[in-house]
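Results of the structural survey
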Amino acid sequence: MAEEKRNSNDRLQEFALKILKATIKGVVFCGIYFLLSMFLAPVLEAVPNALQIIEIFVVVYVFLMIVGELTKGSIFHHFFNAAKALFSILYLALCLNGGIVGTTVQNASLVVDLRLFLVVAMLLGLLGFAKSVLQAINFLNEKTEHMRF
Amino acid sequence: MKILIRMIGIATTLFWIFLIVFFISAVYSAKDIGFDFGEPQVDLSPDNKILFSLPITIDNKGYYDVGSFNVTTEISDQEGFMITRASTFIPVIEKGRQIVATHKDTIDINALLQKSQDYLFKDTELEVRETVSIKLADVIPVQASTNLTLPWGAPLYNFTLGRSEYSRFNGTHVTATVPIDFENHASFDLAVIIRVYMYAGTNILVGEGQTTVETLQNTPYHGQMELDIPVDAIGESGHFEVYFFTTFFNFGPLVIPYG
């Protein structure tokens, strides 16, 4: 009975630690976002919906990051990490319209070619996805070995 | 396996940090790049074309060099026929430097008149497409373009030859005084030699005359020209053929019937 209670306490403590870690990560990420958005505000104001698009990205990314952190120690942690990487790739590709972003200011049309940035970001996203897949394989491998012994 | 995963993780994080910091600083520094377009000027080029000059000052106070600065001007008529196209290219504007360049564009009125003689006698509007492109931090291409309307003032707007008045010259000939009226709506002063041939009936040349006219821009001209013609040509109907010679263009004949 005492052993069971101790295990339960340990699990609770572990979960609380995960929540704390996830909260810190989320706060740090949001802090960086607010800091950077302050720098970019004069530029982003010229592009319609840019702030909204970035906010949606940050919200979903932070959500996946927190859920991933809470499920640490299970296979779902790697699923959420992989989902986070795939989300980054797809969202960037969709929102940046294939890398060519255009807007109209008064009578002038402005076109920014972000294809190079998009390619690098997508490659890094793929690298993150590959890392998550390798982590999942490694996790299952370790679990199988653990069960065998 | 774990080491490999950790290596990938560290590398990915470092590259993400580098990419985001670089991108944000490049975009942020764009607001410190100043462009100043001066007053456009109209002159005469050495090859007798109308020369538009636009002084451009670029002040790069950003964190990075700016590459491939390019200004392109395309002037076309209202039907889309391209009259002229000019580009000014600056390969690199280093950070902290200010560069002054002059964007020049020429219009050959002779080429313009091959499309339509209306450019000499009627005011119209030309379509101007202005494109400015730069590479932020030498890697992020940005292009801004706009369409403008440029009023074209005809140098011989509403050119007319009035009703001739005759005075006796000698027994066989009279002097015909032909009034000339037009307005110089062009953006340049006009010095033109006007040569007039008078034809009576079916293409019989009865007289000719020439005058030199100087008019400032946006100024009307009212003058006259004298031609000696045979007495028996009075009262007959016919036509004038008018030729214009200037440093900008030569044009003719402009056929104006009379009688």
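Structure shown above.
Just so it is clear, the structure is predicted and the values come from calculations on it, not from any experiment.

Our next topic: the overall build of chain A. Scanning chain A from N- to C-terminus turns up four helices and two strands. Moving toward the C terminus, one meets the helices and strands of chain A in the order α-α-α-β-β-α. Burial statistics for chain A: of 149 residues in total, 31% are counted as buried. A separation threshold of at least 6 residues defines the contact pool for chain A, and within that pool the share at least 24 residues apart is 58%. For chain A, the exposed area adds up to about 9,900 Å²; of that, 70% sits on carbon and sulfur atoms. Computed over 12 positive and 10 negative side-chain charges, the inter-centroid distance for chain A is 4 Å.

In this section: helix H3 (residues 75-95) of chain A. With 21 residues, H3(A) ought to run about 30 Å at 1.5 Å a step, and its terminal C-alpha atoms sit 30 Å apart, in line with that. Every buried residue of H3(A) is listed here: A:His77, A:His78, A:Asn81, A:Ala82, A:Lys84, A:Ala85, A:Phe87, A:Ser88, A:Ile89, A:Tyr91 and A:Leu92. Buried-residue contacts for H3(A) involve helix H2 (50-70) and helix H4 (115-148) of chain A together with helix H1 (2-29) of chain B. Immediately beyond the C-terminal end of H3(A), within one or two residues, lies A:Asn97, with a positive phi of roughly 55°.

Let's shift gears to the interface of chain A and chain B. Counting residues at the interface gives 28 residues for chain A, matched by 25 residues for chain B. Around 2,400 Å² of area is buried between chain A and chain B when both sides are counted, 77% of it from carbon and sulfur atoms. On the chain A side of the contact with chain B, A:Phe117, A:Leu124 and A:Leu134 bury the most area, a combined 21% of that side's loss. A:Glu142 is paired through a salt bridge with B:Lys2; the nearest N and O atoms lie 3.3 Å apart. Summed over the shared surface of chain A and chain B, the number is six residue pairs in polar contact (both at pLDDT 80 or more).

Looking now at the sheet that holds strand S15 (residues 238-245) of chain B. By way of backbone hydrogen bonds, the strands of a sheet pair with one another, either parallel or antiparallel. All names here are of chain B. Reading across the sheet, the four strands line up as S13-S12-S15-S16 and stay open at both edges, with antiparallel pairing between neighbours. Pairing within the sheet leaves two strands with one partner each, and these edge strands are strand S13 (204-215) and strand S16 (250-258). Each adjacent strand pair in this sheet contributes to an overall mean axis angle of 20°, direction not counted. In terms of strand pairing, strand S12 (residues 190-200) meets S15 through eight bridges, oriented antiparallel. From the neighbouring strand, Tyr 197 faces S15, where its bridge partner is Glu 241.

Turning our attention to the pattern of salt bridges. Scanning the model with the defined rule gives 11 salt bridges over all chains in all. In this structure, B:Arg85 engages B:Glu74 in a salt bridge whose closest nitrogen and oxygen atoms are separated by 2.9 Å. Within this pair, whereas B:Arg85 is found in strand S5 (residues 82-93), its partner B:Glu74 is found in strand S4 (residues 66-76), the two being separated by 11 residues in sequence. Judged by its relative accessible area of 23%, B:Glu74 is partly exposed. Linking B:Lys115 and B:Asp77 is a salt bridge whose minimum nitrogen-to-oxygen distance equals 3.7 Å. In this pair, B:Lys115 is assigned in helix H2 (residues 109-115) and B:Asp77 in the loop between S4 and S5, connecting sequence segments 38 residues apart. One salt-bridge network, in which partners are shared between bridges, spans A:Lys21, A:Lys25, A:Glu69 and A:Lys72.

Cut-off values and rules
Residues numbered from 1 in each chain as written. Chains lettered and ligands numbered in written order. Predicted model: local features only at pLDDT ≥ 70, side-chain atom pairs only at ≥ 80, totals over all residues. Heavy atoms only, no water. Helix = DSSP H or I, 4+ residues; strand = E, 2+ residues; numbered from the N terminus. Buried < 20%, exposed > 50% of the residue type's maximum accessible area, 1.4 Å probe, protein only. Contact = heavy atoms within 4.5 Å. Areas by Shrake-Rupley, 256 points an atom, 1.4 Å probe, with all protein chains shown as cover. Lys, Arg positive; Asp, Glu negative; His and termini not counted. Charge placed at Lys NZ, Arg CZ, Asp CG, Glu CD. Expected span 1.5 Å × (residues − 1). Buried area = accessible area lost by both parts, 1.4 Å probe. Salt bridge = Lys/Arg side-chain N within 4 Å of Asp/Glu carboxyl O. Polar contact = N/O pair within 3.5 Å; in protein donor to acceptor, adjacent residues only side chain to side chain. Pairing = 2+ DSSP bridges. Axes fitted to C-alpha atoms, helices over the stretch in contact; angles between N-to-C directions.

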